[in-house]
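# What the coordinates show
The residues making up each chain are set out below.
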Amino acid sequence: MGNEKKNTSKAAAKAAKKQKAEAKTSKKEKKKSKKTTDAPSEDEDLEAILDKMNREWEDAHKVTEELVEGPPSRRANATLTPCPSGNYLWCIGGEFFSDDGKAYFYNDVYRYNPDKDEWRKFVSPTCPGPRSAHAVVASAAGGGKLFLFGGEFSSLHQNTFHHYRDFWCFDISTHSWDRLDTKIRPTARSGHRMAMWKHYIVLFGGFYDPGHRTQYLNDTWVFDTQEYKWRQIEFKDIDRKPSARSGFSFLSTPEGIVLHGGYCKEYIKGKRPMGVMLDDTWFLRMSLETSQSPPLSAVSSDSLGLKWERRKKPSFAPHVRSGCTMSLWSAKGIGVLFGGVTDDDRDEESLESVFWNDLYGYQLAGNGRWQSMLLKKLKKAGRGGKRKVAAIQQGEPPVSDGDDDGVKTQEAKNTEVPDVDPDDPILTAPMPRYNAMLAVLKNTLYIYGGIFERGSREYTLDDFYLIQLDKLERYTCLKHSGIVIPAEGDESSSDEDGEGVGSDEDDEGVGSDEDGDGDNETWVGEDDAVLKLKKLDESHNDEGADKPIDMRVSAHMILFIKHHEVSAQATAFMGVSKDTARSAEDVISTPELGETLALFYARSREYWTQKAHGVSDNRGKQLRRDGFSFAEERYAEYKPILKEVEKILAEAGLDEDEMRAGAAQTGAGGGIMPSRNRR
């Protein structure tokens, strides 16, 4: 009985096991059958994957093309590059700083067609981020490409700042961007330059600004467009090479690359940074080595040999200046220079600037030679009926053939030559400026925008000119600028004569004493507060009470006042225009009347970052945040006093625009801060 039960149990287990195996086999067959009928073959599956990848790439590189009315909007530090595969100009990126201190950066791409006089804008989902002070170089290989490296970007209120070190390629035939990521590449920077020599891209210099001090660079990098590899060129310590700089000219020749000029800052302990304009010229001699030829120098990268050679300064050269990068006139082997600015800021109390609109050419071959590119003027027939051709340089009076020295401004020329000929080609020249964007197509030079300064104000221009370099007859304005710039003397009052100042609707004017006598200013100390208050009260009852009060007030002078005394003491100090005893540190670290927190921080950013650097081990973004916190605390400390001063001045008839203009003027006093574009 027991054996029968045991045998039955075994048989049942065996049957169950067999049934389970059959079910498993059936399931596998069904799955295999379904896969065979429903799923595509391996080839079909691969095609689907590739098709999906292509669709994703096309979506990421889909380009929108738009016809626009004119040149790009107002901007500075963009790039204007001749097309290597057609008669076009390409404009990329740039920046614009509004009057209220806000920063706007762009990453748009524009193309100008001179044959049709039309601008087109190209937008792609895959593209470089917004930036300015980047570098672009063109290559004719593969239907034409534009290579872009580096640049800078800041937040709207300039609280954060960023340098790029990304590398991009713009395909001109498809109007699409591709990012080129390599393990080895140059460090982040702005203000550098690139040039194309054969199939190599050569990059040099630039600057990096971590916030507390601008670091200028003089390293040399080479990118092989065939191998798609960066490599840094290391020179021996005994080899000569250019000093660190940014904003220089960098032009390619058959034998190498010419470097000229640039800008850097000189840091001396205990003194504010000084801008240095460079006018030296260097030649980077390059060669592709063969097995038979000896190496050019000890410095070589595979078959590429490089050597820096300094060129002698010629007897004739343009006045030293910055903000004037040359453009290559390849048909003649000439670098074309236009405009620029010459600063004299060796005196810590002032910054004198001269802006240029002259035109020069630099012959790249041999040892190099400068020449004035003079506009040709046909003189009217004289007694003998002969017509003479005279050459006239923009911004200076006519000179003899042997007189190449002495450059004068447009205004000086107008005072020396009172008779104005309406046919004079000099009248067609663009106004003086620096950081203009230049490009030469065939024999035509195109000039777009630039920066001009009047007093404490910066004006970003958006006009567009051309001139035929092979004729040099006159400039043609393709687009006039709508920017209204007041005449000199109308922007701000003079400290010496105290003359009244006018203002137009578009620009902020500065209020000043209309009495015209700056020597009658009353200087006030703490003990004179009550006496000064009585004088002010009496003056309000006089006939001259309606005249505007000089509102260039040193807010630090009333910081000691207790809260309940703010109104009376602020009124007492309204007659003080400036304090000659103030230190440069005091000026830069004190908010001025009408100054917003953003404007105050933009003016004093370097000071606060250095202060944070002295008490913190933080670096980079965190260091800048610490600096901004210091500035914010100082601004909050002065805010009640500034509000009371504004209230008093408003009662005296000064509006908000006049207060802001006064802040711009006082912000420049006592320790002139050069423009951020001087980099």
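Everything below is about the structure shown above.
Let us look at the structure shown here. Counting of residues starts from 1 at the beginning of each chain's written sequence and follows it residue by residue. It should be noted that, the model being predicted, local features are given only for residues of pLDDT at least 70 and side-chain atom pairs only at 80 or more, the latter also being counted only at that level, while totals for whole chains, interfaces and linings use all residues. Hydrogens and waters are ignored; side-chain quantities use all the structure's heavy atoms.

### Some points on the overall build of the chain
For the record, the criterion: Only runs of H or I of at least four residues qualify as helices and only runs of E of at least two qualify as strands under DSSP, and these elements are numbered from the N terminus. Exposure categories follow from relative accessible area, calculated using a 1.4 Å probe and restricted to protein chains: below 20% of the type maximum is buried, above 50% is exposed, and the middle band is partly exposed. For accessible areas, the Shrake-Rupley method is used with a probe of radius 1.4 Å. Any residue's cover is judged against the shown protein chains and nothing else.
Summing up its helical and strand segments, the chain has 9 helices and 30 strands in all. Going through the 679 residues of the chain one by one, you find that 47% of them count as buried. As displayed, the chain has an accessible area near 35000 Å², and 48% of this comes from carbon and sulfur atoms.

### A look at the packing of aromatic side chains
The condition that has to hold: Between the rings of Phe, Tyr and Trp (Trp by its six-membered ring), a pair exists once the centres lie within 6.5 Å; its type follows the angle of the planes, with under 30 degrees stacked, over 60 edge-to-face, and the other angles tilted. We count a charge as sitting over a ring when the NZ of a lysine or the CZ of an arginine lies within 6 Å of the ring centre and within 35 degrees of the ring normal.
As enumerated under the stated definition, the model contains 36 aromatic pairs in all. Pairwise contacts between aromatic rings join F147, F149, F167, W221, F223, Y228 and W230 into one cluster. If you follow R111 out to its NZ or CZ, it ends over the ring of Y88, 4.4 Å from the centre. Here the guanidinium or amino end of K611 rests over the ring plane of F630, the centre of that ring lying 5.9 Å away.

### Looking at the side chain of S249
So the rule is basically this: Within 3.5 Å is the distance limit for a polar contact, defined as a pair of N or O atoms, with the added protein rule that one can donate a hydrogen and the other accept it, and that residues adjacent in sequence qualify only through two side-chain atoms. By definition, residues are in contact when any of their heavy atoms lie within 4.5 Å.
Residue placement: S249 occurs in strand 16 (residues 249–253). Since its relative accessible area comes to 3%, S249 is described here as buried. Within the local environment of S249, its side chain forms a polar contact with the backbone nitrogen of M326, the two atoms lying 2.8 Å apart. With near-sequence residues (within four places) excluded, S249 lies in contact with V258, L259, H260, C324, T325 and M326.

### Regarding the sheet that holds strand 15 (residues 229–233)
For sheets, the rule is that strands pair by backbone hydrogen bonds, running either parallel or antiparallel. Applied cut-off: Strand pairing is defined by DSSP finding a minimum of two bridges between the two strands. Only C-alpha atoms enter the line fits that serve as axes; for helices the fit covers just the stretch in contact. Angles between N-to-C directions range over 0 to 180 degrees.
With respect to topology, 4 strands assemble into an open sheet ordered 12-13-14-15, the strand pairing being antiparallel. At either end of the open sheet lies a strand with only one pairing partner, and these are strand 12 (193–197) and strand 15. Adjacent strand axes in the sheet meet at a mean angle of 25 degrees when their direction is disregarded. Bridge analysis of strand 13 (residues 200–208) against strand 14 (residues 215–224) gives 8 bridges, and the strand direction is antiparallel. Each bridged residue has a counterpart across the sheet, and for Y208 the counterpart in strand 14 is Q215.

### Section: the pairing of strand 4 (residues 103–113)
Taken across its 11 residues, strand 4 has 9 buried, putting it largely inside the fold. With 8 bridges connecting them, strand 3 (residues 89–97) and strand 4 associate as antiparallel partners. Among the inter-strand pairings, W90 is bridged to a residue of strand 4, identified as R111. Here strand 3 folds back onto strand 4, and the loop between the two strands holds 5 residues, one of which, G101, carries a positive phi near 85 degrees. In the sheet, strand 4 pairs with strand 5 (residues 118–123) via 5 bridges, with the strands oriented antiparallel.

### Comments concerning the pattern of salt bridges
When the charged atoms of two side chains with opposite charge come close together, those side chains can pair. Stated precisely, the cut-off is as follows: Throughout this description, the term salt bridge denotes a Lys or Arg side-chain nitrogen within 4 Å of a carboxyl oxygen of Asp or Glu.
All told, the structure shown has 18 salt bridges when counted by the stated rule. R75 is the salt-bridge partner of D108, the closest N and O atoms lying 2.8 Å from each other. On the criterion of sequence distance, the pair formed by D108 in strand 4 and R75 in the loop between strand 1 (64–68) and strand 2 (79–82) is long-range, its members being 33 residues apart. By relative accessible area, D108 is classed as buried at 10%. A relative accessible area of 1% means that R75 is categorised as buried. A cluster of three or more residues bridged by salt bridges with shared partners is formed by E65, E118 and R120.

### Considerations on a nonpolar patch on the surface
The line we're drawing: Two joining distances apply to patches: 9 Å for like charges and 5 Å for nonpolar side chains (Val, Leu, Ile, Met, Phe, Trp, Tyr), and every residue must have over 30% relative accessible area and no salt bridge.
A cluster of nonpolar side chains, L46, I49, L50 and M53, forms an exposed patch at the surface whose accessible area comes to about 370 Å². Among the structural elements, I49 can be located in helix 2 (residues 42–60). On the basis of relative accessible area, I49 is assigned to the partly exposed category, the value being 41%.

### Section: unusual backbone geometry
Backbone geometry places A133, a non-glycine residue, at a positive phi of 55 degrees. Tracing the chain through its elements places A133 in the loop between strand 5 and strand 6 (135–139). Even without being glycine, H175 reaches a positive phi, approximately 60 degrees. Mapped onto the secondary structure, H175 falls in the loop between strand 10 (167–171) and strand 11 (176–179).

Keep in mind these numbers describe shape, not what the thing actually does.
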